[in-house]
Amino acid sequence: MKNWMRMMAAGVLTAAMVMGLTACGGGSKSGVDAIKDRGVVKVGVKADVPKFSLQNTATGEYEGFEDDLAYALAGKILGISADEAKAQKKVEFQAVNAKTRGPLVENGEVDFVIATFTITPERKETYNFSPAYYTDAVGLLVNNDSGIDDIEDLDGKIIGVSQSSTSKDEFLKYKEANGIAAEPTFQEFATYPELAQALAANQIDAFSVDRAILEGYKNDTNKFLDVRYGEQEYGVCSNKENTELAELINTTVQEMLDNGEMDALMEQNGLTVE
Ligand code: GLU
């Protein structure tokens, strides 16, 4: 190989290595330092899950357990308290849903997501998940006047579920494991308000998702079926390649679980501590 060719090849290789390191968050400026320099922490949260994360329509503020957890983590990253992080508006919230939250973490538009995101073995291959901060189970909400009182009554009926959620798979697993004969069909929706509306309009016969999420849509005209399955744990989700940030999140969540802070945040937001 001619000398100039060798030099060019080496140059391309060096550039590729530098780019690779930067992409992995392993360059001189780490992922956490980059957030500190920016001065605000970008967090994806739900806007429509009461007690967990609900956007106040009057003020535009996000309120709930997961938002408080975001302030705690932002404080840790920036070296201030959770209260200071909140008062100084150090968290830039972005509304996410089950479909958008993963891609937003992957493309770096948010630093992490705290959005009723269930930890699964498949998802763990793509993302970092913190230790579990909440455990929930799937439920089914039906209209009072639907004549549906039991899971077997769902035969031939339509169950509405959220796109990219665990809800359909968990139903099928439960059905298989418990010899349930009912054969419902499934219809996917992008958001929970759309699902609630479809149920109210009888376009679907049941609305299924985690019980915590369903609680927000329980009203006088609908009821929970007496069934609880698919226990699942929620974790803070961050980019797997940003190992420094992932470690900081994981350690902080574990500390909060151990020292009772997590329970206190739950209670503060009206969630039952088991
Ligand atoms: N928690 C479930 C999941 O992660 C339901 C979907 C959702 O969180 O919106 O799949």
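Described below are features of the structure shown in this document. Chains are numbered independently. Their residues run from 1 in the order of the written sequence. Selection of residues for local features in this predicted model requires a pLDDT of at least 70, selection of side-chain atom pairs for listing and counting requires 80 or more, and totals for whole chains, interfaces and linings are taken over all residues. Values reported for side chains reflect all heavy atoms of the structure, with hydrogen atoms and water molecules removed beforehand.

1. A short note on the site of the ligand
Link 1 in the chain: For this purpose, a residue is taken to be near a molecule or strand whenever a single non-hydrogen atom of the residue falls within 4 Å of it. Around the ligand, a shell composed of 16 residues is seen, among which Lys46, Arg101, Thr116, Tyr192 and Asp210 lie nearest.
Link 2 in the chain: One nitrogen or oxygen atom from the side chain of arginine 123 is found 2.9 Å from an oxygen atom belonging to the ligand.
Link 3 in the chain: Any pair of N or O atoms that falls within 3.5 Å is considered a polar contact. Within protein, one atom must be able to donate a hydrogen and the other to accept it, and sequence-neighbouring residues count only if both atoms are side-chain atoms. Between the ligand and the protein, one listed contact pairs a nitrogen atom with a side-chain N or O atom of aspartate 210 at 2.5 Å.
Link 4 in the chain: To measure how exposed things are, a 1.4 Å probe is used in the Shrake-Rupley method; for residues, cover is taken only from the protein chains shown. When the ligand sits alone it has 280 Å² of accessible area, and the protein chains cover 100% of it.
Link 5 in the chain: Comment: elements are numbered from the N terminus, with helices defined as DSSP H or I runs of at least four residues and strands as E runs of at least two. Going through the elements one at a time, strand S11 (206-210) and strand S13 (229-234) are the ones with two or more residues in the shell around the ligand.

2. Examining the environment of asparagine 128
Link 1 in the chain: By the secondary structure assignment, asparagine 128 is in strand S7 (residues 127-129).
Link 2 in the chain: Taking the relative accessible area as the measure of exposure, asparagine 128 reaches 13% and is therefore buried.
Link 3 in the chain: As for asparagine 128 and asparagine 239, which are separated by 111 residues in sequence, their C-alpha atoms are 5.9 Å apart.
Link 4 in the chain: Throughout, a contact is declared for two residues whenever any of their heavy atoms are within 4.5 Å. Once you skip the residues sitting within four places of it in the chain, asparagine 128 turns out to touch Val236, Cys237, Ser238, Asn239, Lys240, Ala246 and Asn250.
Link 5 in the chain: At 3.2 Å, the side chain of asparagine 128 and the side chain of asparagine 250 are in polar contact. Burial classes follow relative accessibility: with a 1.4 Å probe on protein chains only, a residue under 20% of its type's maximum area counts as buried, one over 50% as exposed, and anything between as partly exposed.

3. What about the sheet that holds strand S2 (residues 48-49)?
Link 1 in the chain: A pair of strands counts as paired when DSSP detects no fewer than two bridges linking them. Read from one edge of the open sheet, three strands run S2-S3-S4, paired in antiparallel fashion. Strands with a single pairing partner mark the edges of an open sheet, and in this sheet they are S2 and strand S4 (62-63).
Link 2 in the chain: Summarising the sheet, S2 and strand S3 (residues 53-55) pair through two bridges and their orientation is antiparallel. If you follow valine 49 over to S3, its bridge partner there is serine 53.

4. Regarding the pattern of salt bridges
Link 1 in the chain: By convention in these notes, a salt bridge is any Lys or Arg side-chain nitrogen within 4 Å of a carboxyl oxygen on Asp or Glu. Evaluation of the coordinates by the stated rule reveals seven salt bridges.
Link 2 in the chain: A salt bridge links lysine 175 to glutamate 183; the shortest N-O distance between them is 3.5 Å.
Link 3 in the chain: By relative accessible area, lysine 175 is classed as buried at 14%.
Link 4 in the chain: Take glutamate 183: its relative accessible area is 51%, and that puts it in the exposed class.
Link 5 in the chain: Close ionic contact of glutamate 231 with arginine 228 constitutes a salt bridge, the shortest N to O distance being 3.4 Å.

5. With respect to helix H10 (residues 243-258)
Link 1 in the chain: With 16 residues, H10 extends 22 Å between its outermost C-alpha atoms, agreeing within 8% with the 22 Å of an ideal straight helix rising 1.5 Å per residue.
Link 2 in the chain: Turning to H10, its buried residues are Leu245, Ala246, Ile249, Thr252, Val253 and Met256. Projected down its long axis, H10 carries its buried residues within an arc of 140°, all on one side. Across H10 from its buried face, at more than 90 degrees, point the exposed residues Glu247 and Asp258.
Link 3 in the chain: Where the residues of H10 are buried, they touch helix H2 (31-38), helix H3 (65-78), strand S6 (112-114), S7, strand S14 (237-239) and helix H11 (261-268).
Link 4 in the chain: Positive backbone phi, approximately 90°, marks glycine 260, located one or two places after H10. To estimate how far a helix should extend, the number of its residues minus one is multiplied by 1.5 Å. Taken from the helix axis, the directions to the C-beta atoms give the arc we talk about.

6. Topic: the sheet that holds S6
Link 1 in the chain: As summarised here, the arrangement of the five strands in space is S5-S1-S6-S14-S7, forming an open sheet in which the pairing is mixed. Edge positions in the sheet fall to strand S5 (91-95) and S7, since each of these pairs with one other strand and no more. Between one strand axis and the next, the sheet turns by 30° as a mean value, whatever way the strands run.
Link 2 in the chain: As defined by bridge partners, strand S1 (residues 41-45) adjoins S6 across three bridges and the pair is classed as parallel. When the sheet's bridge partners are listed, glycine 44 is paired in S6 with valine 113. Here the axes come from fitting lines to C-alpha atoms, over the contacting stretch only for helices, and the angles between their N-to-C directions go from 0 to 180 degrees.

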